[in-house]
Amino acid sequence: AVFIFATASAFHLPQTPAARPSNPSAKALSQTPFQSPWYATAPIAIAALIFSFFPPPSLAIEGDITKGSEIFTSTCAGCHRGGQNFVKEKKTLQKDALEKFVGLDEEKVEAFFKGSFVHKMQVSGNMSDQEITDVVTYVVDQAKFDKW
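Residues numbered from 1 in each chain as written. Predicted model: local features only at pLDDT ≥ 70, side-chain atom pairs only at ≥ 80, totals over all residues. Heavy atoms only, no water.

Details of the overall build of the protein chain
Applicable threshold: Helix and strand assignments come from DSSP, with helices taken as H or I runs of at least 4 residues and strands as E runs of at least 2, each series counted from the N terminus. Contact definition: two residues touch when any of their heavy atoms are within 4.5 Å. The method behind every accessible area is Shrake-Rupley, applied with a 1.4 Å probe, and residues are considered shielded solely by the protein chains displayed.
What the protein chain contains, in helices and strands, is eight helices and zero strands. For the protein chain, the α and β elements follow one another from N to C terminus as α-α-α-α-α-α-α-α. For the protein chain, restricting intrachain contacts to residue pairs at least 6 apart in sequence, the fraction spanning at least 24 positions comes to 57%. Within the structure as shown, the protein chain displays about 10,500 Å² of accessible surface, and the carbon and sulfur contribution to it stands at 63%.

This is the structure we're talking about:
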């Protein structure tokens, strides 16, 4: 915010040559608020201050745990029943394994899911982004709160 203010304060509205008084003390008196450097930078400084306190909202789609549970049961439980992994036994959906291999962050789990060769070939091609988000939300909720 300080950088923006300092940069913006270097610029101000120009005065025409005819409007410039020759006496420096008369210059200060003749400036209207619209010609003041502060007038040009105030909106920028205020906006920088406001946005520094209020981060932008997340653009991520929120998942629905109930729908995620239904999709998981019908699509994923064949390999991951009860949070297990019948293909790679150490890489389960249990809290400790997720933390170790992927992390408990929904974005990381979703990126892992979408990037996984097995999931690409078997599952994710048949699921919408919202369905994937719902399943990931369900899986992370189950793992975080030891519900498996």
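There is more to say after this.
Some thoughts on the packing of helix α6 (residues 106-115) against helix α8 (residues 129-144)
What counts, and what does not: Axes here refer to lines fitted to C-alpha atoms; in helices the fit is confined to the stretch in contact. Angles between the N-to-C directions go from 0 to 180 degrees. Every angle not falling under 35 degrees, over 145, or within 65 to 115 is termed oblique; those three ranges are roughly parallel, roughly antiparallel and roughly perpendicular. By the definition used in this description, the sense in which the near helix is turned from the far one sets the handedness, with an anticlockwise turn below a right angle giving left-handed and a clockwise turn giving right-handed.
Between α6 and α8, the least distance of the axes is 9 Å, while the angle of their chain directions is 125°. In terms of orientation, α6 and α8 fall into the oblique class. The crossing of α6 and α8 is right-handed. When α6 is examined against α8, the residues Glu106, Val109, Glu110, Phe113 and Lys114 are found in contact with a partner set consisting of Asp129, Ile132, Thr133, Val136, Thr137 and Val140.

Some words on the side chain of Asn85
Rules: Burial here depends on accessible area, computed with a 1.4 Å probe over protein chains only, as a share of the maximum for the residue type. Under 20% is buried, over 50% is exposed, and the range in between is partly exposed. Counting of polar contacts relies on pairs of N or O atoms within 3.5 Å, with two restrictions inside protein: one atom must be capable of donating a hydrogen and the other of accepting it, and residues adjacent in sequence are counted only when both atoms are side-chain atoms.
As for its placement among the helices and strands, Asn85 is situated in the loop between α4 (65-80) and α5 (95-101). The class for Asn85 is buried, based on a relative accessible area of 10%. Here the side chain of Asn85 touches Lys88 through a polar contact of 2.9 Å, landing on its backbone nitrogen. Here Lys91 takes part through its backbone oxygen, which lies 2.7 Å from a polar atom of the side chain of Asn85. Excluding anything up to four places from it in sequence, Asn85 contacts Cys79, His80, Lys91 and Thr92.

Concerning the packing of α4 against α8
This is how it is decided: Gly falls in the polar group here, along with every residue not listed as nonpolar (Ala, Val, Leu, Ile, Met, Phe, Trp, Tyr, Cys, Pro) or charged (Asp, Glu, Lys, Arg).
Between α4 and α8, the least distance of the axes is 7 Å, while the angle of their chain directions is 95°. In terms of axis orientation, α4 runs roughly perpendicular to α8. Where α4 abuts α8, its residues Ile65, Lys67, Gly68, Ser69, Ile71, Phe72 and Cys76 lie against Glu131, Asp134, Val135, Thr137, Tyr138, Val139 and Asp141. Here the contact of α4 with α8 is built from residues that sort into seven nonpolar, three polar and four charged.

Observations regarding unusual backbone geometry
A positive phi is found at Asp146, a non-glycine position, where the angle reads about 50°. Mapped onto the elements, Asp146 comes out in the segment after α8.

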